[in-house]
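A closer look at the structure
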Amino acid sequence: MERIYVGERAVSPATGITRWVVVDSRTYRLHDEAVTYLASLRVRGCSPNTERVYAGRVALYLNYCLMRRLDWRTPGFLGLAGLQQWLVETPLPSRTSEARPGPVRYRSRGTANAVMTVVAEFLRFGATHGWVPATTTALLSEPKMLRFTPPGYDTGEFGQRREIQAAAFRFRIAEPGYEDLGDEQIRRVIAIAPRARDCFLIALLACRGLRIGEALGLHRGDMHLLASSRAVGCGIEGPHVHVRRRTDNLNRALAKSRFSRNVPVTADLVALYTDYQYERDRVAEAAESEMVFVNLFRPPLGGAMSYPNTKEMFDRLARGAGHACRPHMLRHSAATRWLRDGVDRDVVQRLLGHASPLSMEHYRHVGDAEARAAVEHVDSLKERP
């Protein structure tokens, strides 16, 4: 059996808590340094999804080192440069059978950059613990002079802060911005959704900008949908939803931000939630669950909706709508719509739950129609007497 490292989910028999580890597939022995690094992600409050992805990327790096017969602690410049190229030149495992082979797929440069970022972080973490020499970490970054700086960045009185340390092994790619959906596309997705629960989930993401983990982690007690919530001890006026970070949800749904926030909702969204409650009340098993989004049409009935279940739902909707439709696209759509309509950036940042204003830079898209309208506006000014 070929020796490879894999990222695996491990469940504690004592607590039932799920963790991610990197294990040798042949000997089932844990890679101690990789497991320690993944544990540090949990200490930092990263989500289980982040831990899962990072486990796979660290395992990928370790497998590359095995294949090239490199010591993972000291891969050298040529080893790291080779990894960067190997990531984009090596075909991905096929999702189809040998009888019906599909097209050969490769990682994008953006995905390769993401892997290299994790590898660099893993090696730097190893250096702080004495596993990786400083000669390795010195290869991971190089000085770069900033020609353009993000809004709010202080370059210093004499521009001395324009020189930064940038990642050395990173493909240069165009920044395309985040994908979003137009209003008509969102309305079509809601129209073809066969269930009230799904309609409410789509609207919650598209109209209020929640992350999918935030939505799946909602409890019924978070839904304050009356004009006043003083009866339940909440002084916030108007219908709203509380988004809270919980680490004990059975479906492992986790809000990314450590800070709770409340998001106002409209009467239309309250009406969709009411429709969903009628649908939910017909499933007796759902009455016992405190979670907002539960399984109503597949076992375990009444159980909290999971990430895989939600992905299947959006995949079906995308096929029906004839275009891509993913939860994060709906969040981006909400942000783009608010910014395009002139909502203050600070307000949008609060609604989305972003800690840094720099996170807002990707959301604003200037479309062809807007560019043409701007040119025509300038031309009309020239024509005025």
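Presented here is a report on the structure given in the accompanying data block. (Residues numbered from 1 in each chain as written. Predicted model: local features only at pLDDT ≥ 70, side-chain atom pairs only at ≥ 80, totals over all residues. Heavy atoms only, no water.)

Moving on, we get to the pattern of salt bridges. Evaluated as defined, the whole model comprises 14 salt bridges. Across the pair Arg 42 and Glu 51 runs a salt bridge whose closest N-O atoms are separated by 2.5 Å. For Arg 42, a relative accessible area of 25% gives the class partly exposed. Of the charged contacts in the structure, one is a salt bridge between Asp 183 and Arg 337, with a shortest N-O distance of 3.0 Å. With Asp 183 in helix α6 (residues 183-192) and Arg 337 in helix α11 (residues 327-340), this residue pair connects regions lying 154 residues apart in the sequence. Owing to a relative accessible area of 40%, Asp 183 belongs among the partly exposed residues under this scheme. Judged by its relative accessible area of 21%, Arg 337 is partly exposed. A single network of salt bridges, built from pairs that share partners, joins Glu 33, Asp 71 and Arg 73. (Salt bridge = Lys/Arg side-chain N within 4 Å of Asp/Glu carboxyl O. Buried < 20%, exposed > 50% of the residue type's maximum accessible area, 1.4 Å probe, protein only. Helix = DSSP H or I, 4+ residues; strand = E, 2+ residues; numbered from the N terminus.)

As a further point, take the pairing of strand β6 (residues 240-243). Both faces of β6 are covered, namely the face carrying His 240 and His 242 and the face carrying Val 241 and Val 243. Examined bridge by bridge, β6 and strand β7 (residues 261-264) share 4 bridges and lie antiparallel to one another. When the bridges of β7 are listed, Val 241 appears paired with Val 263. (Pairing = 2+ DSSP bridges.)

In this section: the side chain of Asp 222. Looking at the element boundaries, Asp 222 is found in the loop between α8 (212-216) and β5 (223-224). Given the relative accessible area of 1%, Asp 222 is considered buried. Here the side chain of Asp 222 touches Arg 244 through a polar contact of 2.4 Å, side chain to side chain. Aside from chain neighbours lying at most four places away, what touches Asp 222 is Gly 217, His 240, Val 241, His 242, Arg 244 and Arg 246. (Polar contact = N/O pair within 3.5 Å; in protein donor to acceptor, adjacent residues only side chain to side chain. Contact = heavy atoms within 4.5 Å.)

Attention shifts here to the sheet that holds β5. Overall, antiparallel pairing links the 3 strands, which are arranged β5-β6-β7 in an open sheet. Every interior strand has two partners, whereas the edge strands, β5 and β7, have only one. The pairing of β5 with β6 spans 2 bridges and is antiparallel. Of the residues in β6, the one forming a bridge with Met 223 is Val 241.

Below, the discussion takes up the side chain of Glu 33. Structurally, the position occupied by Glu 33 is in helix α1 (residues 32-43). A polar atom in the side chain of Glu 33 sits 3.5 Å from the side chain of Arg 73. Dropping the residues within four chain positions of it, Glu 33 is found in contact with Trp 72, Arg 73, Phe 122 and Trp 131.

Taken N-terminus to C-terminus, the directions of α1 and helix α4 (residues 109-128) make an angle of 100°; their axes are 10 Å apart at the nearest point. In terms of axis orientation, α1 runs roughly perpendicular to α4. The residues of α4 that touch α1, namely those facing Glu 33, Ala 34, Thr 36, Tyr 37, Ser 40 and Leu 41, are Val 118, Glu 121, Phe 122 and Phe 125. Considering only residue class, the contact of α1 with α4 consists of 6 nonpolar, 2 polar and 2 charged. (Axes fitted to C-alpha atoms, helices over the stretch in contact; angles between N-to-C directions. Parallel < 35°, antiparallel > 145°, perpendicular 65-115°, else oblique. Nonpolar A, V, L, I, M, F, W, Y, C, P; charged D, E, K, R; others polar.)

What follows deals with the packing of helix α7 (residues 196-208) against helix α9 (residues 267-281). Running from amino to carboxyl end, α7 crosses α9 at an angle of 155°, the nearest separation of the two axes being 8 Å. Between α7 and α9, the angle is such that the two are roughly antiparallel. When the axes of α7 and α9 are compared, the crossing they make is left-handed. In this structure, α7 uses Ala 196, Arg 197, Cys 199, Phe 200, Ala 203, Leu 204 and Arg 208 to contact α9, whose residues at the interface are Leu 269, Leu 272, Tyr 273, Asp 275, Tyr 276 and Glu 279. (Left-handed = near helix turned anticlockwise from the far one by under 90°.)

You can see Ala 138 is positioned in the loop between α5 (134-137) and β3 (141-145). Linking Ala 138 and Arg 124, residues 14 residues apart in sequence, is a C-alpha distance of 9.5 Å.

Across a regular strand the side chains alternate sides, sitting on one face of the sheet and then on the other. Pairing of strand β1 (residues 5-11) with strand β2 (residues 18-24) involves 7 bridges; the strand directions are antiparallel. Its bridge partner lying in β2, Arg 9 is registered against Trp 20. The loop that links β1 with its antiparallel partner β2 comprises 6 residues; one of these, Gly 16, has a positive phi angle of about 80°.

Within a pair of aromatic rings, the relevant descriptors are the distance that separates the centres and the angle that separates the planes. On inspection of all chains with the given rule, the structure shows 11 aromatic pairs. Between Phe 77 and Phe 169 the ring centres are 5.4 Å apart and the planes differ by 50°, which places this aromatic pair in the tilted class. With Phe 77 in helix α3 (residues 76-89) and Phe 169 in the loop between β4 (163-167) and α6, this residue pair connects regions lying 92 residues apart in the sequence. Overall, the relative accessible area of 8% leaves Phe 169 in the buried class. Three or more aromatic residues joined by ring pairs make a cluster, and in this case those are Tyr 37, Trp 72, Phe 122, Phe 125 and Trp 131. Residue placement shows Arg 107 over the ring face of Trp 86; its charged tip is 5.9 Å from the ring centre. The aromatic ring of Phe 297 is capped on one face by Arg 195, whose charged end is 4.2 Å from the ring centroid. (Phe/Tyr/Trp six-rings, centres within 6.5 Å; stacked < 30°, edge-to-face > 60°. Lys NZ or Arg CZ within 6 Å of the ring centre and 35° of its normal.)

Let's shift gears to the nonpolar core. Ranked by internal contacts, the top residues of the largest apolar core, which has 53 residues, are Phe 200, Tyr 276 and Phe 293. Elements with a minimum of two residues in this core: α6, α7, α8, β6, α9, α10 (307-321), α11 and α12 (345-352). Looking at this core element by element, the count peaks at 9 residues for α7. One finds Tyr 61, Leu 62, Val 88 and Leu 140 within the second-largest nonpolar core, a separate group that totals 35 residues. (Core = buried A, V, L, I, M, F, W, Y, C linked by side-chain atoms within 4.5 Å.)

By themselves, these observations are geometric and do not establish any function.
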